[in-house]
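# A structural walkthrough
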Amino acid sequence: MNKVSLIVCPNCKNENPYFNLNCSECKYFLRDRIPNINLGEIILSLIESPKSAFEKIIFSENKNYVFVLFILLSIRFFILSRFMSVPFIGKNSDFDLILTLLYFLSTSAVVIFMISYATFFLIKKLKMFVRLKDVISIIIYSFFPSLIALCLLYPIELTVFGNYLFSNNPYPYLIKKNVFYILSGLEIFMIIWSILLNIKGMQSLKLNLGISFMISLLNYSIITLFLYYSRIIFI
């Protein structure tokens, strides 16, 4: 196995996967035990020290909050795909909200699992220790900025543009240009921040910067294609 993903026990010198709590040979404690993820602490760490945040996520025995964050992420995907559909829709876009949300819940789960498993498979091919649950957790938590956009920016956008938010007659930027450009800039910033966090998350799995960048680029390319082709549900 790759030495980068190993930790040497100070007691017996046995090599262990870096995420181990106890030495597999002598049961010596290799690090502090983290039973659960402290969401508030992790959010602050993602802002101040992403490396520390992702290490705590990996070391946590229970990957709590992942499911809740995934539900919010599915809603975020729904909104982004809806935005992508705007140039292609007619005057009105009729769709069943409940069925559409169920569609994004199910397909988002497939996409997240697919990119997580592909990342897991690649890292294993590099002969490094990794757990699938850690990869899934890191990918979902790396979308934290996008969830900020969902919870903070989206309500502001609805308040400012109302029914015209998803309209192409007129487009939102024709209503309040300055506000539209400011909010669009913040949306782009959140997406870039998410990508950078994804790269940091991959590095926390002991990948080098180059491979982390390539995996993150591939992950976001797959997600972008998923959102783009999902727009057809609104047309």
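The sections below set out a description of the structure shown in this document. (Residues numbered from 1 in each chain as written. Predicted model: local features only at pLDDT ≥ 70, side-chain atom pairs only at ≥ 80, totals over all residues. Heavy atoms only, no water.)

## Regarding the overall build of the protein
What the protein contains, in helices and strands, is eight helices and four strands. Starting at the N terminus and ending at the C terminus, the protein contains elements arranged as β-β-β-α-α-β-α-α-α-α-α-α. Principal-axis analysis of the C-alpha atoms places the extent of the protein at approximately 70 × 30 × 30 Å. Counting only residues that meet the buried cut, the protein has 43% of its 235 residues in that class. (Helix = DSSP H or I, 4+ residues; strand = E, 2+ residues; numbered from the N terminus. Buried < 20%, exposed > 50% of the residue type's maximum accessible area, 1.4 Å probe, protein only.)

## Some details on the layout of surface pockets
One number sums up the size of the largest pocket: a volume of about 560 Å³. Forming the walls of the largest pocket are 25 residues, and the residues nearest its centre are L80, F83, E187, I188 and I191. When contributions to the lining of the largest pocket are tallied by element, the ones reaching two or more residues are α3 (66-85), α6 (144-161), α7 (177-204) and α8 (209-230). Per-element tally for the lining of the largest pocket: the top contributor is α7, with eight residues. (1 Å grid on protein atoms, 1.4 Å probe; cavity = no way out; pocket = protein on both sides within 12 Å on 5 of 7 lines; lining within 4 Å. Points joined across faces, edges and corners; volume = space filled by probe spheres on them.)

## Concerning the nonpolar core
Generally speaking, soluble globular proteins have nonpolar side chains that are buried together. Core analysis: the largest hydrophobic core is formed by 56 residues, its most contacted members being L46, F77, I112, Y141, F143 and L205. Mapped by element, the contributors of at least two residues to this core are α1 (39-48), α2 (50-59), α3, α4 (97-125), α5 (132-141), α6, α7 and α8. Among all residues touching L205, those that are not within four sequence positions of it are Y18, I58, I123, M128, V130, D134, V135 and I138. (Core = buried A, V, L, I, M, F, W, Y, C linked by side-chain atoms within 4.5 Å. Contact = heavy atoms within 4.5 Å.)

## Observations concerning a nonpolar patch on the surface
Taken together, the side chains of F88, L225, Y228, Y229, I232 and I235 present a nonpolar region at the surface, about 660 Å² in accessible area. Mapped onto the fold, I232 is located in the segment after α8. (Patch = residues over 30% accessible without salt bridge, like charges linked within 9 Å, V, L, I, M, F, W, Y side chains within 5 Å. Areas by Shrake-Rupley, 256 points an atom, 1.4 Å probe, with all protein chains shown as cover. Salt bridge = Lys/Arg side-chain N within 4 Å of Asp/Glu carboxyl O.)

## Overview of the environment of I79
When you line up the elements, I79 lands in helix α3. A residue is classified by how much of its surface remains accessible, and I79, at 3% relative accessible area, is buried. Put simply, I79 and Y154 are 75 residues apart on the chain and 8.9 Å apart in space, counted from C-alpha to C-alpha. Dropping the residues within four chain positions of it, I79 is found in contact with L150, Y154 and F166.

## Re the pattern of salt bridges
Evaluated as defined, the whole model comprises six salt bridges. For E55, the salt bridge identified is with K51, shortest N-O distance 2.7 Å. Of this pair, E55 and K51 both sit in helix α2, separated by four residues, roughly a single helical turn. Given the relative accessible area of 24%, E55 is considered partly exposed. Between R131 and D134 there is a salt bridge; the shortest N-O distance is 2.7 Å. Accessibility expressed as a relative area gives 23% for R131, which makes it partly exposed. Through salt bridges with shared partners, a single network forms among K63, R131 and D134.

## A closer look at the packing of α3 against α5
As a packed pair, α3 and α5 sit with axes 10 Å apart at the nearest point and diverge in direction by 45°. Compared by their axis directions, α3 and α5 come out oblique. As for how α3 packs across α5, the hand of that crossing is left-handed. Taking contact as the criterion, the partners of V66, L69 and F70 in α3 are, on α5, S137, I140 and Y141. (Axes fitted to C-alpha atoms, helices over the stretch in contact; angles between N-to-C directions. Parallel < 35°, antiparallel > 145°, perpendicular 65-115°, else oblique. Left-handed = near helix turned anticlockwise from the far one by under 90°.)

## Re the packing of aromatic side chains
Under the criterion given, the structure shown has 21 aromatic pairs. Arranged with centres 6.1 Å apart and planes meeting at 75°, the rings of F77 and F226 form a pair that is edge-to-face. Remark: F226 occurs in helix α8 and F77 occurs in helix α3; sequence separation between them is 149 residues. Taking relative accessible area as the criterion, F77 reaches 2% and is therefore assigned buried. On the accessibility criterion, F226 (11% relative accessible area) is buried. Taking the centre distance of 6.1 Å and the plane angle of 20° together, the rings of F113 and Y117 count as stacked. Of this pair, F113 and Y117 both sit in helix α4, four residues apart, which is roughly one turn of that helix. With a relative accessible area of 44%, F113 lands in the partly exposed category. (Phe/Tyr/Trp six-rings, centres within 6.5 Å; stacked < 30°, edge-to-face > 60°.)

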